[in-house]
Amino acid sequence: MPPATAPRRDVKRDRHPAPGRPAEAAAAPGRARPRGRLARRRSLRAPRASRSNALHAGAWWLWALGLAVAASRTTNPLLLGMLVGVAGYVVAARRTDAPWARSYGAFVKLGLAVIVVRLLFSTLLGSPIPGTHLIVTLPELPLPDWAKGIRIGGRVTAEQLVFALYDGAKLATLLICVGAANALANPARLLKSLPGALYEAGVAVVVAMTFAPNMVADVLRLRTARRLRGRPAGGVGAVLQIGLPVLEGALERSVAVAASMDARGYGRTAAVPPAVRHTTTALTLGGLLGVCAGSYGLLAAEGASYGLPLLGIGLLAALAGLRLGGRRSVRTRYRPDLWGVRAWLVAGSGAAVALVMIRAGAYDPEGLHPGVVPLVAPGLPLWPAAGILLGLLPAFVAPLPPALTHKEKTR
């Protein structure tokens with residue numbers, strides 16, 4: 001009879017220990033957690049994104065708003081370029097393949113269009129900035145006496161074009177920061193995280209926020225389909241033929257959202273005493289007014305002294321009002337998003353960039369606002385530039401999106 005088949009040995013357990021390594025350590029079957037420097041390096045890595053550890057959508061918006069506040073405090077093109085680079089790097093490192101993530105390119109193009117339009121207006125309508133470096137003299141259109149201070153055509157100087165370029169770059173950076181938040185934050189999860197008192201208004205805001213990304217995705221899909229069919233994807237005729245299907249798709253999505261909301265009993269409210277309703281209204285409106293006034297103070301040139309305290313008081317009042325107003329909502333939340341340590345780091349990095357830029361405006365205003373008369377090359381302030389680099393923190397601490405995880409698996 002043939003000999004009985006010997007049981008298969010575990011090769012990993014019978015492996016000889018490496019030189020200098022104890023045999024007991026080599027034969028330990030259950031050791032899966034590395035130690036030493038490798039363990040610390042793995043613990044610092046960003047986790048793989050899942051439904052349980054997804055970053056809070058509000059953290060992305062706070063980070064982007066911090067960058068936007070920083071952009072509003074300067075007209076230095078070097079600092080504005082750094083802010084755009086920081087936002088673009090984080091978006092490239094942490095955005096997903098969702099439809100709203102594709103809208104970042106549209107915001108960048110919109111920012112470039114803003115710069116071009118600002119330069120055209122400065123060229124055609126003139127500018128109050130005096131200049132000595134004449135570029136061209138356009139034919140000037142005579143205007144009546146009641147239109148004094150306005151001119152069409154005339155002298156175009158390098159100083160006025162540089163001033164227009166700085167001003168347009170500032171507005172373009174603000175748009176790009178908002179586009180970064182729109183590309184990184186999930187609108188549906190943002191709606192789920194809103195307080196119950198703002199649920200109705202939140203639906204309208206989220207629908208408005210998702211309209212542009214979905215429209216961009218529809219346009220890309222239809223243009224790709226036209227190319228596959230051998231039809232032109234550019235030109236006025238193609239845009240007119242694509243516009244109707246895009247609007248039809250937006251209408252179908254709106255009807256589907258309305259039907260799903262109606263099926264889930266949207267709009268049901270609980271009865272609360274009149275005193276609670278009046279207190280909620282007073283706290284919410286007063287808090288929102290304080291937030292608006294404080295935000296204006298932060299964005300203004302010399303309003304940081306009163307803007308920050310007023311913003312804090314308004315936020316506290318608004319949060320108290322929203323807390324009371326949430327009693328009217330009877331809806332429940334399925335798997336609410338948690339605000340963890342990584343969300344604090346992401347939001348704190350944007351706030352740190354804003355605070356550094358506000359502080360820099362107090363002790364180095366010339367570095368943040370380079371002059372154009374006389375025309376000089378802008379310099380790069382070191383401390384504001386180093387503060388802007390703090391905005392890169394989300395690219396290292398935020399969870400990896402599924403697309404990056406799949407790429408790593410296929411390497």
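Coordinates for the structure precede this section.
Predicted, not measured: the structure shown is a model, and the values here were computed from it.

About the cut-offs
Residues numbered from 1 in each chain as written. Predicted model: local features only at pLDDT ≥ 70, side-chain atom pairs only at ≥ 80, totals over all residues. Heavy atoms only, no water. Helix = DSSP H or I, 4+ residues; strand = E, 2+ residues; numbered from the N terminus. Contact = heavy atoms within 4.5 Å. Axes fitted to C-alpha atoms, helices over the stretch in contact; angles between N-to-C directions. Parallel < 35°, antiparallel > 145°, perpendicular 65-115°, else oblique. Left-handed = near helix turned anticlockwise from the far one by under 90°. Nonpolar A, V, L, I, M, F, W, Y, C, P; charged D, E, K, R; others polar. Salt bridge = Lys/Arg side-chain N within 4 Å of Asp/Glu carboxyl O. Buried < 20%, exposed > 50% of the residue type's maximum accessible area, 1.4 Å probe, protein only.

(A) Main features of the environment of Val162. Positionally, Val162 belongs in helix 6 (residues 158-184). Separated by 43 residues in sequence, Val162 and Leu119 place their C-alpha atoms 8.8 Å apart. In this view, Val162 contacts Val372 and Leu375; residues no more than four positions away in its chain are not counted.

(B) Quick peek at the packing of helix 4 (residues 77-94) against helix 6. Interaxial distance between helix 4 and helix 6 falls to 10 Å at its minimum, and their mutual angle equals 15 degrees. For the element pair helix 4 / helix 6, the angle class is roughly parallel. As for how helix 4 packs across helix 6, the hand of that crossing is left-handed. Mapping the contact onto sequence places Pro77, Leu80, Leu83, Val84, Ala87, Val90, Val91 and Arg94 in helix 4 and Tyr166, Ala169, Lys170, Thr173, Ile176, Ala180, Ala183 and Leu184 in helix 6. Considered class by class, the residues forming the contact of helix 4 with helix 6 number 13 nonpolar, one polar and two charged.

(C) Expanded view of the pattern of salt bridges. Evaluated as defined, the whole model comprises one salt bridge. A salt bridge links Asp167 to Arg118; its shortest N-O distance comes to 3.4 Å. Here Asp167, found in helix 6, pairs with Arg118, found in helix 5 (residues 104-125); they are 49 residues apart in sequence, far enough to count as distant. For Asp167, a relative accessible area of 32% translates into the label partly exposed.

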